[in-house]
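Geometric and topological summary
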Amino acid sequence: MNGYLIALIIVSAWIAAVYYLHKTKWFERHDMSLMGPMVMWRTRKGREFIDRVASKKRVWSFYGKISLWICAGAMVTIMLLLLWEATIVPQIEKAPSPELILGIPGINPVIPLWYGILGLVVAIVVHELAHGIMTRLGDMKVVSLGLLFFVFPVGAFVEPDEAALQKAPRIKRAKVFAAGPASNLILAVVVLGLFSGVMMASVEPVNEGALTTGVVEGSPAYYANISQTCVIVSVGGYSVASPDDIDSLSGLNPGELVSVEYYFAGDLEAAEGVAYGMVISYAVEGYAAHDGGLEAGMVLASLNGTVIRNMDDLRGAMDITSAGQAVNVSVLSYNETLDEFVTDEGITSLTLSNKYDFYSEYYPDENDESFQGDGYLGAGFLPLGLNLRDADHYSAMLANPFEDDNTLDEFSRSWLTLIALPFLDLAPIQSPVTDLYEPSGSLAWMPDGAFWVLTNSLYWIFWLNLMIGLTNVLPAVPLDGGYLFRDMFDYVVSKVRPAYKSDQREKVVSSITMAFALAVLFLILWQLVGPTIMN
């Protein structure tokens, strides 16, 4: 039966049961209430546990102060991120769907259902427990605790005495609001450490070779059905232990038909009759390769009389050229009728571009005066049309995500990469990526299935705690950050305008708080409607 149909049946049955129990007043008799289709179960049990935990007043008082600083930093970070996203909206061709904005498992297509539920439950329990502890630390009453159900438990809550919370000193109230999102953010960092430093750091490649992370459409590898995420172990009879072994091949001629052996999903496979050579991966419009008719997928056989067997041959041929020089070229392109790569008689020469001009346009930070006058093709090249990495590429990337970061920009990009793993099809980590690695060292005893379930669980606990923490520090009521911002601004107004009466100060604070809430809402909606308007 179709999974969506099963889900529809389960949800329909749940709604019908909730409707029936509500009509019969069963929820009222068991101290439950409804919040839409969700059932809220309140209980006074657990308050003793919170009281015991909150009794360590010195520890939690320090934690409350740290939480305020964490939330302040996170609030600035998420607002800067929203502002940056607003500036790049004109560059986005298609707006994200509304489902992507909602971090709800089963609705957001990038969040897997069961890992998402686990991460969401952990995040909400930690968030609400932290609120409860800070409430008791401030000598305010916790009215009740409870769970939220939608077919299964989807969250928890701690309900403080609202009147006491509003009457509490500003600093005590701020600690209550800050503790929830700060706890999510702290837990996210701790769990990320377990995911990267323990789980991913313990895996090693099953096979040595060159990992394919991309295949150029129209290339020899593409037509040979060589899969992305496989490990190449030999090309034309030459053993391959790393990408360098393929990059330096010199015993094979362009267009020569070779056998390529590789591991995919744990099985050794072979592609026969693959045309060897350096494949054009892209050709930039306005530069020599593109203007000369070269297209992605073609094989560059020779340039200016030099046979191109590897990248060293290409670099050597280009080193003795100059901008504006006409050079002879020979390329192979795929012939559908013959089902093979043949010499393209329509492309025999091209005029080289200026390397300095290319770098000025695309890589200004890497440009150099020495490039002035050098010949340049304005194209990329890959052996066989394969983007290759070391076999430990994915494990190293996830085990040491910040290893080579030396600047704030690099550090920020690494964070964005970690957050974007679901969009890169790396979260949850699954076959064929999981087939590349096996647990080793102290975790070698774990079965592969259990290892990857635990690893993926840690990632989604990290991801959802991070998202909930950052979302809740936005300066928009009714989010925790909104109340924090309101109290902070109330403090500022009381110092700047001490003569203001309470109702005057309340009017100013409410106006500014509302303005920030509307600004946040606009920045979020702009991501949804902006691309359509701008394009």
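Note that the structure is a prediction, hence the values are computed from the model and not measured.

Basis of the calculations
- What you see as residue numbers is a count from 1 along each chain, following the sequence as written.
- In keeping with the predicted nature of the model, local features appear solely for residues at pLDDT of at least 70, side-chain atom pairs appear and are counted solely at 80 or more, and the whole-chain, interface and lining totals rest on all residues.
- Only heavy atoms go into the side-chain values, all of them from the structure, while hydrogens and water stay out.
- Labels follow the DSSP assignment, with helices taken as runs of H or I lasting at least four residues and strands as runs of E lasting at least two, numbered in each case from the N terminus.
- Remark: exposure states derive from per-residue accessible area (1.4 Å probe, protein chains only) relative to the maximum for the residue type, with buried under 20%, exposed over 50%, and partly exposed in between.
- Contact between two residues is taken to exist if any of their heavy atoms lie within 4.5 Å; hydrogens are not considered.
- The charged-residue count follows a simple rule in which Lys and Arg add positive charge and Asp and Glu add negative charge, with His and chain termini not counted at all.
- Charge positions come from single atoms, namely NZ of Lys, CZ of Arg, CG of Asp or CD of Glu.
- Salt bridges are identified by distance alone: a Lys or Arg side-chain nitrogen within 4 Å of an Asp or Glu carboxyl oxygen.
- Nonpolar core, defined: a set of buried Ala, Val, Leu, Ile, Met, Phe, Trp, Tyr and Cys residues in which side-chain atoms within 4.5 Å join the residues together.
- All axes here are fitted lines through C-alpha atoms, helices being fitted over the stretch that makes contact, and every angle between N-to-C directions spans 0 to 180 degrees.
- Roughly parallel refers to an angle under 35 degrees, roughly antiparallel to one over 145, roughly perpendicular to one between 65 and 115, and oblique to any angle outside these ranges.
- Note on residue categories: nonpolar means Ala, Val, Leu, Ile, Met, Phe, Trp, Tyr, Cys or Pro, charged means Asp, Glu, Lys or Arg, and polar means any other residue, Gly included.
- Aromatic rings from Phe, Tyr and Trp, taking only the six-membered ring of Trp, are treated as a pair when their centres fall within 6.5 Å; an angle between ring planes under 30 degrees marks them as stacked, one over 60 as edge-to-face, and anything in between as tilted.
- Lysine NZ or arginine CZ positioned within 6 Å of the ring centre and within 35 degrees of the ring normal marks a charge as sitting over the ring.
- When DSSP finds two or more bridges between a pair of strands, those strands are recorded as paired.
- In this scheme, a helix's expected span is set at 1.5 Å multiplied by one less than its residue total.
- Bend is computed residue by residue as the angle between axes fitted to the seven residues ending at the residue and the seven residues starting at it.

Details of the overall build of the protein
Along its length, the protein carries 18 helices and 21 strands. Projected onto the principal axes, the alpha-carbon positions of the protein cover approximately 85 × 55 × 45 Å. In the protein, buried positions account for 43% of the 535 residues. Considering only intrachain contacts with a sequence separation of at least 6, the fraction spanning at least 24 residues in the protein is 67%. Within the protein, the 57 negative side-chain charges are centred at a point lying 32 Å from the centre of the 31 positive side-chain charges.

What about the pattern of salt bridges?
By the definition in use, this model includes seven salt bridges. The closest approach of N and O atoms between Arg136 and Asp51, which form a salt bridge, is 2.6 Å. Taken together, the residues span a long stretch of sequence, with Arg136 in helix α6 (residues 113-137) and Asp51 in helix α3 (residues 47-54) at a distance of 85 residues. Among the residues examined, Asp51 registers a relative accessible area of 33% and is labelled partly exposed. In this structure, the salt-bridge partner of Asp487 is Arg173, at a minimum N-O distance of 2.9 Å. Highlighted residues: Asp487 in helix α17 (residues 480-496) and Arg173 in helix α8 (residues 170-199), separated in sequence by 314 residues. For Asp487, a relative accessible area of 8% puts it in the buried group. Residue classification places Arg173 among the buried residues on the basis of a relative accessible area of 11%.

Quick look at the nonpolar core
Core analysis: the largest hydrophobic core is formed by 76 residues, its most contacted members being Phe195, Met200, Tyr437, Tyr459, Phe462 and Trp463. When sequence neighbours within four positions are dropped, the list of residues in contact with Tyr459 reads Phe195, Leu418, Ile419, Leu421, Pro422 and Ala427.

Regarding the side chain of Ser67
Topologically, Ser67 is positioned in helix α4 (residues 57-88). On the basis of relative accessibility, which here comes to 0%, the residue Ser67 falls in the buried class. Here Ser67 is in contact with Ala178, Ala179 and Ala182, once residues within four sequence places are set aside.

Some remarks on the side chain of Thr213
Inspection of the secondary structure assignment puts Thr213 in strand β6 (residues 210-215). The residues contacting Thr213, other than those within four sequence positions of it, are Gln228, Asn387, Arg389, His393 and Tyr394.

Observations concerning the packing of helix α15 (residues 408-419) against helix α16 (residues 448-472)
Their axes nearest at 11 Å, the elements α15 and α16 cross at an angle of 115°. One way to sum up the angle between α15 and α16 is to call them roughly perpendicular. Along the contact surface, α15 presents Trp415, Leu418 and Ile419, while α16 presents Tyr459, Phe462, Trp463, Leu466 and Met467. Residue composition of the contact of α15 with α16, by class: eight nonpolar, no polar and no charged.

Here's the deal with the environment of Leu268
Within the secondary structure, Leu268 is located in strand β10 (residues 267-275). Distance from Leu268 to Ile232, taken between C-alpha atoms, is 9.6 Å for residues 36 residues apart in sequence. Apart from the residues lying within four places of it in its own chain, the contact partners of Leu268 are Val233, Glu261, Tyr262 and Tyr263.

Details of the packing of aromatic side chains
In the structure shown here, the tally under the stated rule is 27 aromatic pairs. Measuring from ring centre to ring centre gives 5.2 Å for Tyr222 and Tyr223, while their planes differ by 80°; the resulting arrangement is edge-to-face. Given a relative accessible area of 36%, Tyr223 falls into the partly exposed group. A cation over a ring is seen here: Lys355 above Phe371, with NZ or CZ 4.1 Å from the ring centre.

Comments concerning the pairing of strand β15 (residues 340-343)
Looking down a regular strand, the side chains alternate between one sheet face and the other. Examined bridge by bridge, strand β14 (residues 326-335) and β15 share four bridges and lie antiparallel to one another. Following the sheet pairing, Tyr334 is matched in β15 by Phe341. Counting the residues in the hairpin turn of β14 and β15 gives four residues, including Asp339, whose phi is positive at 55°.

Let's talk about the pairing of strand β12 (residues 299-303)
Burial analysis of β12 places five of its five residues in the buried class, which makes it a mostly covered element. Relative to β12, strand β11 (residues 278-283) is paired through two bridges, and the arrangement is antiparallel. Of the residues in β12, the one forming a bridge with Met278 is Leu300. When β12 meets strand β13 (residues 306-307), the two strands line up antiparallel, connected through two bridges. Along β13, the bridge assignment pairs Ser302 with Val307. Hairpin connection of β12 to β13: two residues between the antiparallel strands, including Asn304 at a positive phi of 55°.

Re the environment of Ile347
Along the polypeptide, Ile347 turns up in the loop between β15 and β16 (349-351). Residues Ile347 and Ser330, spaced 17 residues apart in sequence, show a C-alpha to C-alpha distance of 6.8 Å. Every residue in contact with Ile347, bar those within four places of it in the chain, is listed here: Gly292, Gly293, Leu294, Met298, Val329 and Val331.

Side note on α8
A rise of 1.5 Å per residue sets the reference length of α8, with its 30 residues, at 44 Å; its end C-alpha atoms lie 42 Å apart and thus fit the reference within 8%. The sharpest bend along α8 comes to roughly 35°, located at Ala179, with the proline Pro181 sitting one to four residues further on.

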